[in-house]
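Each chain, written out:
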Amino acid sequence: MKPQLLLAPLQSYTDHHFRNAFQQVFDGVDQFYAPYLKLEHDGSIKSGPKIDVLPENNPYEPIIPQVMAATAADFLHMSSYLTDLGYTEINWNMGCPYPMVAKRDLGAGILDKPDKICAIIEEILPKMNADLGIKMRMGYESTADILELLPRLNDYPITEIIVHARYAKQLYNGGCDWERFKACIPLTKHSLCYNGDITSVKEFRELKLLFPEIRRWMIGRGAVADPFLFEMIADDTTDYPTDRYEVFQEFTDLLLESHLNHSNDGNALNKMKSYWEYFSEAFDDGHKLYKRIKKAKTLSDYSTVVNEFLESEVEYVYED
Ligand SMILES: Cc1cc2nc3c(=O)[nH]c(=O)nc-3n(C[C@H](O)[C@H](O)[C@H](O)COP(=O)(O)O)c2cc1C
C-alpha cells in the first residue's frame with residue numbers, strides 16, 4: 001500500500017512561499033494544508049493567513065485550508081470566505097495547544113468538550129458548502145479525550161481525521177503516545193491520518209510497521225528541516241539525490257526570491273534565518289552553520305554564508 005503523504009500546516013513556515021518553492025523543486029507530497037485562519041478581536045479574518053489562501057498565491061497543487069474557531073458562527077464566517085474562493089474542503093484546527101488559545105476553547109482547548117464539538121459540527125455541516133476534515137491532538141490534559149470523541153465523530157460525514165499523537169498540555173515536549181494512537185484505529189470509521197515526529201525514512205518505516213492499517217501520514221517539522229524527506233519516503237530510500245546541494249540551493253533561492261517579492265530585505269532576511277533554524281538540522285555541523293547565518297546583518301552576508309556552505313558541500317560530494 002503506497003503511503004499518502006501530507007505536508008502539515010505550520011504557521012509562519014509552510015505558507016505559500018514555502019509551498020510554492022517546494023513544488024518547483026521537490027516531489028512526494030500528495031496533499032498540502034495551509035496554516036489556520038482565525039478571527040481578530042474586531043471579527044475580521046487575520047490578514048496573513050487570509051492572503052496565504054488566495055488562489056493567485058497557490059498556482060500549483062490545490063491546498064486544503066484550515067480554520068480555528070470555537071463557535072459555529074465564527075467557523076461559518078471563515079468557511080464562507082474560503083468557499084467563495086472556491087475551496088471545497090475545510091479543515092478544523094483542534095490541535096493548537098497554547099494556553100492563550102486553548103482557554104477560549106480554540107484549537108486543542110475544545111477537545112475535552114465533545115458535546116460542544118458535536119453541536120458545532122451539527123450546526124456548520126448543513127451550512128458550510130464544503131466538506132469538513134479535522135486535525136486534532138489526542139486530548140487537552142491527557143491523550144484519553146480522543147477515546148470518547150472518536151466514536152461520537154462516527155455520526156458525521158467527516159472526510160478525515162488527522163491526529164497529532166500528543167495531548168495539548170505537552171506542547172511539543174515528551175514523545176508521541178503510539179499506544180493510544182493504536183487504540184484509536186478501531187474506534188473510527190473515518191480516514192485516520194497519523195501525525196507527529198516523523199523526521200527520517202527510518203522512523204517512517206518503523207511507524208508503518210507499528211500501524212499497518214494507516215495509509216495517510218502528515219509530516220511537519222521533519223519536512224521543513226529536510227524537504228527531501230517526502231520524496232525519499234515516497235521512493236522508500238534513505239539515499240539523497242546526487243545533486244542534493246544544488247537542488248537545496250535552488251529551493252532556498254526560490255524561497256528568498258518569493259519573500260523579496262512580497263517584503264523588504266530585512267523581513268526577507270529574518271524569514272530566511274527562521275527557516276534555517278530548521279534547515280540546519282539536516283546537515284552535519286548544522287548548528288555552527290545556523291550560528292553564522294543568525295549573525296548575518298544583510299542579505300549579502302546571508303548569501304555569502306549559505307552559498308559558501310552549499311558549494312563546499314557540493315565539492316565534498318564530488319571528491320568523495
Ligand atoms: C511553528 C509551528 C506552527 C504550527 N502551525 C500549525 C497550524 O497552523 N495548524 C495546525 O493544525 N497545526 C500547526 N502546527 C502543528 C503541526 O501541523 C504538526 O501537527 C506538529 O508540528 C506535529 O507534527 P510534526 O512532528 O511532523 O511537526 C504547528 C507546529 C509548529 C511547530
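Rules used throughout
- Residues numbered from 1 in each chain as written.
- Predicted model: local features only at pLDDT ≥ 70, side-chain atom pairs only at ≥ 80, totals over all residues.
- Helix = DSSP H or I, 4+ residues; strand = E, 2+ residues; numbered from the N terminus.
- Rg over C-alpha atoms; globule rule 2.2 N^0.38 Å.
- Contact = placed C-beta atoms within 7 Å.
- Pairing = 2+ DSSP bridges.
- Axes fitted to C-alpha atoms, helices over the stretch in contact; angles between N-to-C directions.
- Near = placed C-beta within 6 Å.
- Nonpolar A, V, L, I, M, F, W, Y, C, P; charged D, E, K, R; others polar.
- Buried ≥ 20, exposed ≤ 12 C-beta atoms within 10 Å, placed from the backbone.
- Right-handed = clockwise from strand over helix to strand, strands pointing away.

### As for the overall build of the protein
At step 1: Along the protein, the regular secondary structure elements total 14 helices and 8 strands.
At step 2: On C-alpha atoms alone, the protein measures out to a radius of gyration of 20 Å, which is about the 20 Å that the 2.2 N^0.38 rule sets for 320 residues.
At step 3: The principal-axis extents of the C-alpha atoms in the protein amount to approximately 60 × 45 × 30 Å.
At step 4: For the protein, the share of sequence-separated contacts (at least 6 apart) that also reach a separation of at least 24 residues comes to 71%.

### Quick look at the sheet that holds strand β6 (residues 158–167)
At step 1: Pairing in this closed barrel of 8 strands is parallel, and the strands run β1-β2-β3-β4-β5-β6-β7-β8 around the ring. Put simply, the sheet's adjacent strands are angled 30° from each other on average, direction ignored.
At step 2: Direction of pairing for strand β1 (residues 4–7) relative to strand β2 (residues 31–37): parallel, over a ladder of 2 bridges. Note on β2: the bridge partner recorded for Leu 6 is Gln 31.
At step 3: Helix α3 (residues 72–84) contacts β2, β3 (63–67) and β4 (89–94) of the sheet and is inclined by roughly 155° relative to β3.

### Concerning the site of the ligand
At step 1: Close to the ligand lie 20 residues, the nearest being Ala 8, Gln 11, Pro 35, Gly 220 and Arg 221.
At step 2: Looking at the shell around the ligand, its residues break down into 8 nonpolar, 9 polar and 3 charged.

### Structural notes on unusual backbone geometry
At step 1: Despite not being glycine, Asp 197 shows a phi value in the positive range, around 65°.
At step 2: Despite not being glycine, Asp 285 shows a phi value in the positive range, around 60°.
At step 3: With respect to the helices and strands, Asp 285 occurs in the loop between α12 (265–279) and α13 (286–295).

### Some points on the pairing of strand β5 (residues 131–139)
At step 1: Counting buried residues in β5 gives 7 out of 9 residues, a clear majority hidden from the surface.
At step 2: Of the pairings in the sheet, the one linking β4 to β5 comprises 6 bridges and is parallel in character. Paired with Asn 93 across the strands is Lys 135, a residue of β5.
At step 3: For the crossover that starts at β5, traverses helix α6 (residues 145–153) and ends in the parallel β6, the hand is right-handed.

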